[in-house]
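Analysis of the macromolecular model
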Amino acid sequence: MSPRAVVVGPPGAGKTTVGGLLAEKWGVGFRDVDADIVAGAGKSISDIFTVDGEAAFREIEERAVAAAVAEHDGVVALGGGAVLSERTRALLADHVVVFLAVGMAEGVRRTGLSSARPLLAGVNPRATFKALLDARLPLYREVATVEVSTDSRTPQEVADAALEALEVKS
């Protein structure tokens, strides 16, 4: 079994929303790895970060991504930091991956610098978001089959652009 597509991108890119729209368009199921993690742990991602630490979260996330990619044949959305794992990146090499790119200003606007996003909490969330984008952008591009800009687009426009990019690619 293999997902129809895996959606990656930074916080605020719209992975869950666009992933759901892609699944709907293709008539397949949708699976959100962050939701899997919360359901499996019985606590929020913020709580996992706070209580168990980022390293523990990343281990849980790595296992959750591997399970979702092995078990689901629809669209799978990953958490923004899932690409930090070398094993996850290697796993994604065999799959269709849609990278939803978002610029810094738009990403900050969309996330609202929410405390529900543990890596964006802190003294200077804008600088943190910029550092996060700088560090992860090459990783998103490494795994991407297609890259779709989300800035100044509705979720439906992003989903349509992803579908078009995938058609051109195949």
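Before going into details, it helps to say that this report is about the structure given with it. (Residues numbered from 1 in each chain as written. Predicted model: local features only at pLDDT ≥ 70, side-chain atom pairs only at ≥ 80, totals over all residues. Heavy atoms only, no water.)

**Some words on the pairing of strand β4 (residues 97-101)**
As a reminder of what qualifies: Note on classification: 1.4 Å probe, protein chains only; a residue is buried when its accessible area is under 20% of the maximum for its type, exposed when over 50%, partly exposed between these limits. Per the convention used, a helix needs a DSSP run of H or I reaching at least four residues, while a strand needs a run of E reaching at least two, with both numbered from the N terminus. Two strands are said to pair when DSSP picks up at least two bridges between them.
With 5 of 5 residues buried, β4 lies mostly within the body of the structure. Burial along β4 is two-sided: V97, F99 and A101 facing one way and V98 and L100 facing the other are all buried. Both strand β1 (residues 5-8) and β4 contribute to a ladder of 3 bridges, which runs parallel. Residue pairing in the sheet places V8 in a bridge with F99 of β4.

**Quick word on a negative patch on the surface**
Our working rule: Patches in this entry comprise residues that are over 30% relatively accessible and not in a salt bridge; like charges within 9 Å are linked, as are nonpolar side chains (Val, Leu, Ile, Met, Phe, Trp, Tyr) within 5 Å. To measure how exposed things are, a 1.4 Å probe is used in the Shrake-Rupley method; for residues, cover is taken only from the protein chains shown. We count a salt bridge whenever a side-chain nitrogen from Lys or Arg sits within 4 Å of a carboxyl oxygen from Asp or Glu. Neither His nor the chain ends contribute to the count of charged residues, in which Lys and Arg are positive and Asp and Glu negative. In this description, the location of a charge corresponds to atom NZ of lysine, CZ of arginine, CG of aspartate or CD of glutamate.
Taken together, the side chains of E157, D160, E164 and E167 make up a negatively charged region of the molecular surface. Structurally, E164 can be placed in helix α8 (residues 155-169).

**So, the pattern of salt bridges**
This model, assessed by the stated rule, comprises 9 salt bridges. Put simply, R89 and E142 hold a salt bridge, and the shortest N to O gap is 3.3 Å. Linking R89 in helix α5 (residues 86-92) with E142 in helix α7 (residues 125-143), this pair joins segments that are 53 residues apart in sequence. For R89, a relative accessible area of 15% translates into the label buried. Bridged by salt links that share partners, the residues R31, D36 and E71 form one connected network.

**Considerations on the packing of aromatic side chains**
This is how it is decided: Note on ring pairs: Phe, Tyr and Trp rings are taken, using the six-membered ring of Trp, and paired if centres are within 6.5 Å. Classes follow the plane angle, with under 30 degrees stacked, over 60 edge-to-face and the rest tilted.
Scanning the entire structure with this criterion turns up 2 aromatic pairs. For the pair F49 and F57, a centre-to-centre distance of 4.9 Å together with 35° between the ring planes defines the contact as tilted. Since its relative accessible area comes to 3%, F57 is described here as buried. With a centroid separation of 5.0 Å and an interplanar angle of 20°, the aromatic rings of F99 and Y140 are classed as stacked. With F99 in strand β4 and Y140 in helix α7, this pair connects stretches of sequence that are 41 residues apart. Y140 matches F99 in its accessibility class, with the two residues each being buried.

**Focus on the nonpolar core**
Going by this rule: Only buried residues count toward a nonpolar core, which is a set of Ala, Val, Leu, Ile, Met, Phe, Trp, Tyr and Cys residues joined through side-chain atoms within 4.5 Å. Any pair of residues with heavy atoms lying within 4.5 Å of one another is described as a contacting pair.
Counting 23 residues, the largest nonpolar core has V6, V8, V33, I37, L78 and L92 as the members making the most contacts within it. Breaking this core down by element, the ones donating at least two residues are β1, α2 (33-41), α3 (45-52), α4 (54-71), β4 and α7. In terms of residue count, the dominant contributor to this core is α4 (5 residues). Not counting chain neighbours up to four residues away, the residues in contact with V33 comprise A64, V65, A68, V76, A77 and L78. In terms of nonpolar packing, the next biggest core, distinct from the first, is built from 18 residues, A5, L100, V158 and A162 among them.

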